[in-house]
Amino acid sequence: KAGVIFDTRDSRTSPLKGLNFNVLLAPGIEFGNFGKRYINLAAHFSQYITPFKGGWLTIAYHLAYQGTVAGATPYYLLSYLYSPDALHCFSEGLGGDGTIRGMIRRRMVADGYAWGNLDLRLRFATIPIPGGFISMGADPFCDAGVIVQPHKIKEMASMQGVSEADAMRLARKVQVSVGCGLNLNVSNAAMISFSLAKSLTNRDTKLGLYLSAGYMF
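It should be emphasised that the depicted structure is a prediction, and the values quoted were computed from it without experimental measurement.

Cut-offs applied
- Residues numbered from 1 in each chain as written.
- Predicted model: local features only at pLDDT ≥ 70, side-chain atom pairs only at ≥ 80, totals over all residues.
- Heavy atoms only, no water.
- Phe/Tyr/Trp six-rings, centres within 6.5 Å; stacked < 30°, edge-to-face > 60°.
- Helix = DSSP H or I, 4+ residues; strand = E, 2+ residues; numbered from the N terminus.
- Buried < 20%, exposed > 50% of the residue type's maximum accessible area, 1.4 Å probe, protein only.
- Lys NZ or Arg CZ within 6 Å of the ring centre and 35° of its normal.
- Pairing = 2+ DSSP bridges.

**Student:** Any details on the packing of aromatic side chains? Residues and values, ideally.
**Tutor:** Applying the stated criterion across every chain, the model contains six aromatic pairs. Plain terms: the ring middles of Phe-45 and Tyr-61 are 6.1 Å apart, the flat faces sit at 50° to each other, and that makes the pair tilted. Of the two residues, Phe-45 sits in strand β3 (residues 37–49) while Tyr-61 sits in strand β4 (residues 57–71), which places them 16 residues apart along the sequence. Centroid distance Tyr-75 to Tyr-76: 5.5 Å. Interplanar angle 80°. Geometry classified as edge-to-face. Here Tyr-75 falls in the exposed class, since its relative accessible area comes to 64%. What makes Tyr-76 partly exposed here is its relative accessible area of 36%. These aromatic residues form a ring-pair network of at least three members: Phe-21, Phe-45 and Tyr-61. Taking the ring centre of Phe-141 as reference, the NZ or CZ of Arg-101 above it sits at 3.7 Å. A cation over a ring is seen here: Arg-121 above Phe-217, with NZ or CZ 4.7 Å from the ring centre.

Below, the structure written as structure tokens:
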């Protein structure tokens with residue numbers, strides 16, 4: 001693997017300002033078929049803006065792409081997403097608390113994905129403690145994602161009994177979800193976040209509940 005990272009965030013746990021941009025190239029060889037090689041590209045960009053004094057609101061957004069740029073990625077690796085940091089390591093395709101909250105994990109699996117996340121991070125209470133502080137906040141959010149490189153669309157159309165055009169249209173449907181989280185931050189050293197999310201476009205997904213150690217990005 002080879003990559004580039006550009007990070008100007010003022011905090012990894014709860015940034016108020018800055019950028020985080022990274023690109024990763026991940027070549028590989030299919031297991032059991034050493035002549036079949038492939039290269040995946042993963043790119044993530046996040047920005048954090050705090051427009052008002054006091055830091056009570058931070059607007060944070062994240063844009064990401066991952067896809068096959070050479071060869072053919074083995075089917076058993078299609079759901080594996082390369083994370084921009086060590087906080088989220090997952091193999092879930094699009095859907096779940098690492099990409100589109102409110103959608104079931106592995107709901108969307110393909111050769112290439114694009115997705116984005118928008119958080120409005122509100123801080124409504126800060127309590128001083130010896131050596132630091134405890135703050136409480138909420139973060140309404142919206143997530144969206146789409147398949148940009150469908151996997152074996154001809155075979156998928158045959159399995160579903162639809163035309164290739166209809167299968168392509170279904171595969172490239174934009175998925176959107178909304179939700180809100182509550183969090184507890186201890187001196188920017190540790191954070192606990194509880195979130196609820198619901199998909200607006202996928203009817204067979206239920207309300208998603210997530211407990212994590214920090215923001216998603």
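**Student:** With reference to specific residues and values, describe the pairing of β4.
**Tutor:** Across 12 bridges, β3 lies against β4 in antiparallel orientation. Counted as the bridge partner of Ala-42 is Gln-66 from β4. As paired strands, β4 and strand β7 (residues 112–129) are joined by 11 bridges and run antiparallel to one another. If you follow His-62 over to β7, its bridge partner there is Asn-117.

None of the figures reported here should be taken as evidence of function without further support.
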